[in-house]
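Read off the chains here:
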Amino acid sequence: MKRLALLGICSLLTGCWGSSGPEVIVYTALDSEFSKPVFAEFEKHNDIRVLPKFDTESTKTVGLTNEILAESERTRCDLFWNNEILNTLRLERAGLLDVYRSPAAESYPAMARSSRGTWHGFAARARVLIVNTELTAEGERPDSIHDLADPKWRGRAAMAKPLFGTTATHAACLFAHWGDEKAKQFFESIKANQVKILSGNKQVALSVAGGQVPFGMTDTDDAIIEIEKGMPVAIVYPDQGEDGPGTLFIPNTLAIIKGGPNPEAARRLVDYLLSPEVEARLAAGRSAQIPLNPRVEVEVRVETPRTVKPMQVDFEAAAEKWDAAAKFLRDEFTGG
């Protein structure tokens, strides 16, 4: 009877470890092929087991964010490893993020961490055009996101559904950068130009590499994989002209969820993920993530905000635009 009572008490305590030892539950939007090796390396040097929960390509980031929101009365997630930033800010606005100022973040630039201590940014990617070099002559290749709406490319371009992942983040950033009217006109033009809407950025890169379309909008991690496989594709960093807004760079973000069952383990994992070794590993790996920590010394295989013109965007303002942008895009691309 006493044993049952003790077990009952332990189950109510959020910090109790299971029989397998300490653990940390990580809702992970970064693709498993890139994040699993990082978790394995952490486990090798720590007495903490990482229990990741991944999302699908078709509901990138948004699915996990909605789960965290739904579980707010009974939190299951310790740490959210988001592959972008706006949904992290949405959770912050909902009051679901705990404060942790990691000592590992001290060398990061101020723009890469929350002034309130609720999230940390690292390992960025760029939103780029991937072009098939066999289907597009070098002097005629698209060089702007506006080419998605150019009648010249009618029915011959692709992008991921703008309701999830970095494509949804990009859309909300355009709403914040341009204003609602111009952003709506842009996406209406894309739809009228019969741009092929695919399930994810990876599918866009594969479609261009396979010659189904001459070009598409994707992320550097998906594009670089096709290049290094030897496929006939190239990356174009869009809108580099004097009047262009520049290329959007989006960081991964880490946020500890308030009330999670294993807060100390979550803090230890955050410290590890923000280490120069992890950013160097992600940069050297297949996804070619872009380090934000100036202490990281590694060869970068893609352009960075220091080598091309970056888009200047207020992520906080973009997060405020999220709901309105998502409703418009849902109505426009799914009919409600």
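Look above for the structure.
The residue numbers shown here count from 1 along each chain, following its written sequence. Residues qualify for local features only when their pLDDT is at least 70, as the model is predicted, and side-chain atom pairs are given and counted only at 80 or more; totals for whole chains, interfaces and linings, by contrast, use all residues. Only heavy atoms go into the side-chain values, all of them from the structure, while hydrogens and water stay out.

Asks: Go over unusual backbone geometry, please, and point to the residues and values.
Replies: Located in the positive-phi region is A123, a residue other than glycine, with phi close to 50°. Counting from the N terminus, the helices are the DSSP runs of H or I reaching at least four residues and the strands are the DSSP runs of E reaching at least two. Within the secondary structure, A123 sits in strand 4 (residues 120-132). Throughout, exposure labels follow a simple rule: accessible area from a 1.4 Å probe, protein chains only, divided by the maximum for the residue type, with under 20% read as buried, over 50% as exposed, and the rest as partly exposed. According to the relative accessible area criterion, A123 is buried, its value standing at 1%. Phi at D239 takes a positive value of approximately 60°, unusual for a residue other than glycine. Here D239 is to be found in the loop between strand 8 (233-236) and strand 9 (249-256).

Asks: Report on the packing of helix 2 (residues 32-45) against helix 10 (residues 276-284), specifying residues and quantitative values.
Replies: Each pair of packed helices gets described by two things: the angle between the helix axes and the distance between those axes. Across the interface, helix 2 lies against helix 10 with an axial gap of 11 Å and an inter-helix angle of 145°. Pair helix 2 / helix 10 crosses with right-handed handedness. In this structure, helix 2 contributes F34, P37, V38 and E41 to the contact, and helix 10 contributes V278, R281 and L282. When residue character is reported, Ala, Val, Leu, Ile, Met, Phe, Trp, Tyr, Cys and Pro are called nonpolar, Asp, Glu, Lys and Arg charged, and the others, Gly included, polar. For the contact of helix 2 with helix 10, the class distribution of residues is five nonpolar, no polar and two charged. Inter-axis angles, ranging from 0 to 180 degrees, are taken between N-to-C directions of lines fitted to C-alpha atoms, where helices are fitted over the stretch in contact. Left-handed describes a crossing whose near helix is turned anticlockwise from the far helix through less than a right angle; right-handed describes the clockwise counterpart. Every residue pair with non-hydrogen atoms within 4.5 Å of one another is taken to be in contact.

Asks: Break down helix 11 (residues 315-334) for me, with residues and values.
Replies: The largest bend along helix 11 measures about 50° and falls at W322. What helix 11 keeps buried is the set F315, A318, A319, W322, A325, A326, F328, L329, E332 and F333. Against the buried residues of helix 11 lie helix 3 (62-70), helix 4 (86-93), helix 5 (165-178), helix 6 (180-192), strand 6 (196-198) and strand 9. For helix 11, the capping residue at the N-terminal end is D314, with a side-chain oxygen 3.0 Å from the backbone nitrogen of E316. Note that bend, as reported per residue, equals the angle between axes fitted to the 7 residues terminating at that residue and the 7 residues originating from it. What qualifies as a polar contact is a pair of N or O atoms within 3.5 Å, subject to a donor-acceptor requirement within protein and to the restriction that residues adjacent in sequence count only when both atoms come from side chains.

Asks: Hey, could you go over the packing of aromatic side chains for me, with residue numbers and the actual values?
Replies: Pairs were defined over the aromatic rings of Phe, Tyr and Trp, the Trp ring being its six-membered one, requiring ring centres within 6.5 Å. Orientation was assigned from the angle between planes: stacked under 30 degrees, edge-to-face over 60, tilted for the rest. In this structure the tally under the stated criterion is eight aromatic pairs. Ring plane angle 85° and centroid distance 5.6 Å describe the contact between F39 and W81, whose orientation is recorded as edge-to-face. With F39 in helix 2 and W81 in strand 3 (residues 79-82), this pair connects stretches of sequence that are 42 residues apart. As far as burial versus exposure is concerned, F39 and W81 are alike and both buried. Measuring from centroid to centroid gives 5.1 Å for F186 and F187, while their planes differ by 75°, and the two rings are edge-to-face.

Asks: If you had to explain helix 10 to someone new, which residues and values would you point to?
Replies: Among all positions in helix 10, only P276, V278, E279, L282 and A283 are buried. Seen from one end, helix 10 has its buried residues packed into an arc of 165°, which puts them on one side. Residues of helix 10 that are exposed and point over 90 degrees away from its buried face: E277 and A284. Buried residues in helix 10 make contact with helix 2, strand 3, strand 4 and helix 9 (263-273). To obtain the arc, one takes the directions from the helix axis to the C-beta atoms.

Asks: Which residues make up the side chain of N193, and what are the values?
Replies: Tracing the chain through its elements places N193 in the loop between helix 6 and strand 6. Classification of N193 as buried rests on a relative accessible area of 3%. Residue contacts for N193: discarding those within four places in its chain leaves L148, A149, D150, P151, W153, R154 and G155.

Asks: Summarise the pairing of strand 1 (residues 23-28); cite the residues concerned and give the values.
Replies: By the criterion of burial, strand 1 is predominantly enclosed, with six of the six residues buried. Along strand 1, one buried face is formed by E23, I25 and Y27 and the opposite face, lined by V24, V26 and T28, is buried too. Whether two strands pair comes down to DSSP finding at least two bridges between them. In the sheet, strand 1 pairs with strand 2 (residues 49-54) via six bridges, with the strands oriented parallel. Considered in strand 2, the bridge of V24 is made with V50. For the handedness criterion, the strands are oriented away from the viewer, and a crossover whose path from the first strand over the helix to the second runs clockwise is classed as right-handed. Crossover connection from strand 1 via helix 2 to parallel strand 2: handedness right-handed. Where strand 1 and strand 3 come together, three bridges link them in parallel fashion.

Worth remembering: the numbers are spatial, not functional.
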